[in-house]
Amino acid sequence: MTDTTPPTLTKPETTAAGAPVLRVTGLDKSFGPLHVLHDVSIDIWPSESVVVIGPSGSGKSTLLRCMNLLETVDRGDIAFDGQAISAEARDAPAVRRHMGMVFQNFELFQHLSAAGNIMLAPMKVLGLSEAEARDRAHALLEKVRIPEKADFYPSELSGGQQQRVAIARALAMRPRVMLYDEPTSALDPEMIKEVLDVIRDLSQEGMTSVVVTHEMGFARSVADRIVFMDEGRIIEIAPPDRFFEGAIHPRTARFLDQILHH
Ligand SMILES: Nc1ncnc2c1ncn2[C@@H]1O[C@H](COP(=O)(O)OP(=O)(O)OP(=O)(O)O)[C@@H](O)[C@H]1O
Ligand SMILES: [Mg+2]
């Protein structure tokens, strides 16, 4: 499949109305004796931005990794675009390529330039020619606001620039959903905004997103819904206004108090 049209990230109006992009139902997950997810259920709707917050160790990364089939689950179901998927299935790579994942530590290929990082999967997995992949990479670097960095290697880029290359690399596969796991927590304060601005733009263009973050200002302004997790359970799901003004659960209130007033 070769597809040279420029990346469009407009709202997917054609998505079957009423069908979640991701449907997580009754997930349980243990690592040995440690039970890290308890009966977790959440639907992610097309063009929705869901922000996941919660204390360290509450299971946020594990939930994202289960969604993306990087972890197996002990119980429960995950459906992607209405189709049941599971990590045991042989189609895990096919499913995963429709989900863009962005990690705290960027995880770029150090031996490839920014453009090279972005071009790799479209060439290897989608069969784009080098010229097509390069065009796509340049368009995406423009999108993440570093068009001048195409030929720079990760070691020559700031953390904020590296993370924007990682976002561009994920977008190059034209994913149906972007999963971000604390995308700014390894960054110096002055670089946080430039990365959050890119994620915000993508969300506002209709990219379905799940973002684990401690950035409450971002959560408040970008999230359609906020999920609060504690000790492996979803304690609360609410739109930001309700979440920040009237968190219903005492554990949510305690967490917000800690994070907002220290
Ligand atoms: N591969 C693993 N093997 C064993 N235990 C794990 C593994 N991955 C995670 N855990 C444990 O599962 C629990 C949930 O971890 P997880 O990384 O999902 O939390 P988190 O909410 O993302 O925390 P943080 O905010 O610190 O990133 C923790 O107690 C963690 O130590
Ligand atoms: Mg984590």
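Our structure's up above, just so we're on the same page.
What you are looking at is a predicted structure, and each value in this text was computed from that prediction instead of being measured.

About the thresholds
- Residues numbered from 1 in each chain as written.
- Chains lettered and ligands numbered in written order.
- Predicted model: local features only at pLDDT ≥ 70, side-chain atom pairs only at ≥ 80, totals over all residues.
- Heavy atoms only, no water.
- Helix = DSSP H or I, 4+ residues; strand = E, 2+ residues; numbered from the N terminus.
- Rg over C-alpha atoms; globule rule 2.2 N^0.38 Å.
- Buried < 20%, exposed > 50% of the residue type's maximum accessible area, 1.4 Å probe, protein only.
- Contact = heavy atoms within 4.5 Å.
- Pairing = 2+ DSSP bridges.
- Axes fitted to C-alpha atoms, helices over the stretch in contact; angles between N-to-C directions.
- Near = heavy atom within 4 Å.
- Polar contact = N/O pair within 3.5 Å; in protein donor to acceptor, adjacent residues only side chain to side chain.
- Areas by Shrake-Rupley, 256 points an atom, 1.4 Å probe, with all protein chains shown as cover.
- Salt bridge = Lys/Arg side-chain N within 4 Å of Asp/Glu carboxyl O.
- Phe/Tyr/Trp six-rings, centres within 6.5 Å; stacked < 30°, edge-to-face > 60°.

Peer 1: How would you summarise the overall build of the protein if you had to cite specific residues and measurements?
Peer 2: Helices and strands together make up the secondary structure of the protein, namely nine helices and 10 strands. For the protein, whose C-alpha radius of gyration is 18 Å, the value lies close to the compact-globule estimate of 18 Å for 262 residues. Seen along its three principal axes, the alpha-carbon backbone of the protein occupies a region of about 55 × 40 × 40 Å. Per-residue burial for the protein yields a buried fraction of 50% across its 262 residues. Once local pairs closer than 6 in sequence are excluded, the contacts in the protein between residues at least 24 apart make up 68%.

Peer 1: Please set out the sheet that holds strand β3 (residues 49-53) residue by residue, giving values where relevant.
Peer 2: Taken together, the six strands give an open sheet; going across it, the order is β6-β7-β8-β3-β9-β10, and neighbouring strands pair in mixed fashion. Each of the sheet's edge strands pairs with one partner strand only, and the pair in question is β6 (99-102) and β10 (233-238). Put simply, the sheet's adjacent strands are angled 15° from each other on average, direction ignored. Sheet analysis places β6 next to strand β7 (residues 177-181), joined by four bridges and oriented parallel.

Peer 1: Describe in detail the site of ligand 1, supporting the description with residues and values.
Peer 2: Near ligand 1 you find Phe31, Leu34, Val36, Pro55, Ser56, Gly57, Ser58, Gly59, Lys60, Ser61, Thr62 and Glu182, and these make up its full shell. The separation between an oxygen atom of ligand 1 and a polar main-chain atom of glycine 59 is 3.0 Å. With respect to ligand 1, the side chain of glutamate 182 contributes an N or O atom lying 3.3 Å from an oxygen atom. When ligand 1 is considered free in solution it has 630 Å² of accessible area, and contact with the protein chains removes 60% of it. Contributing elements (two or more residues each) for the shell around ligand 1: β2 (34-44) and α1 (60-67).

Peer 1: Could you give an account of the side chain of serine 113, with specific residues and numbers?
Peer 2: With respect to the helices, strands and loops of the structure, serine 113 is situated in the loop between β6 and α3 (114-124). Polar contacts involving the side chain of serine 113 include one to the main-chain amide nitrogen of glycine 116, which spans 3.0 Å. Excluding residues that lie within four positions of it along the chain, serine 113 makes contacts with Ala150, Asp151, Phe152 and Tyr153.

Peer 1: Let's hear about the pattern of salt bridges: which residues, and what values?
Peer 2: The tally for this structure, following the rule as stated, stands at 15 salt bridges. In this structure, the salt-bridge partner of lysine 193 is aspartate 197, at a minimum N-O distance of 2.7 Å. Here the residue lysine 193 and the residue aspartate 197 both occupy positions in helix α6 (residues 189-204), the gap between them amounting to four residues, near one helical turn. Owing to a relative accessible area of 56%, lysine 193 belongs among the exposed residues under this scheme.

Peer 1: Got a sec to walk through the packing of aromatic side chains? Specific residues and values, please.
Peer 2: Enumeration according to the criterion identifies two aromatic pairs in this entry. Ring centres of phenylalanine 228 and phenylalanine 255 lie 5.2 Å apart, and the angle between their planes is 40°; on these two criteria the pair is classed as tilted. Within this pair, whereas phenylalanine 228 is found in strand β9 (residues 225-230), its partner phenylalanine 255 is found in helix α9 (residues 250-260), the two being separated by 27 residues in sequence. On the basis of an interplanar angle of 80° and a centroid distance of 5.4 Å, the ring pair of phenylalanine 243 and phenylalanine 244 is categorised as edge-to-face. In this structure phenylalanine 243 comes out as buried when scored by relative accessible area, which is 0%. Since its relative accessible area comes to 14%, phenylalanine 244 is described here as buried.

Peer 1: With reference to specific residues and values, describe the side chain of aspartate 197.
Peer 2: We classify aspartate 197 as buried; its relative accessible area is 13%. One polar contact links aspartate 197 to lysine 193, side chain to side chain, over a distance of 2.7 Å. Among the polar contacts made by the side chain of aspartate 197, one reaches the side chain of arginine 200 at a distance of 3.0 Å.

Peer 1: Explain the environment of arginine 96 to me, and be specific about the residues and the numbers.
Peer 2: Positionally, arginine 96 belongs in helix α2 (residues 92-96). Those residues in contact with arginine 96 that lie beyond four places of it in its chain are Asn68, Leu69 and Leu70. Within the structure, the side chain of arginine 96 is placed 2.9 Å from the backbone oxygen of leucine 69, a separation counted as a polar contact.

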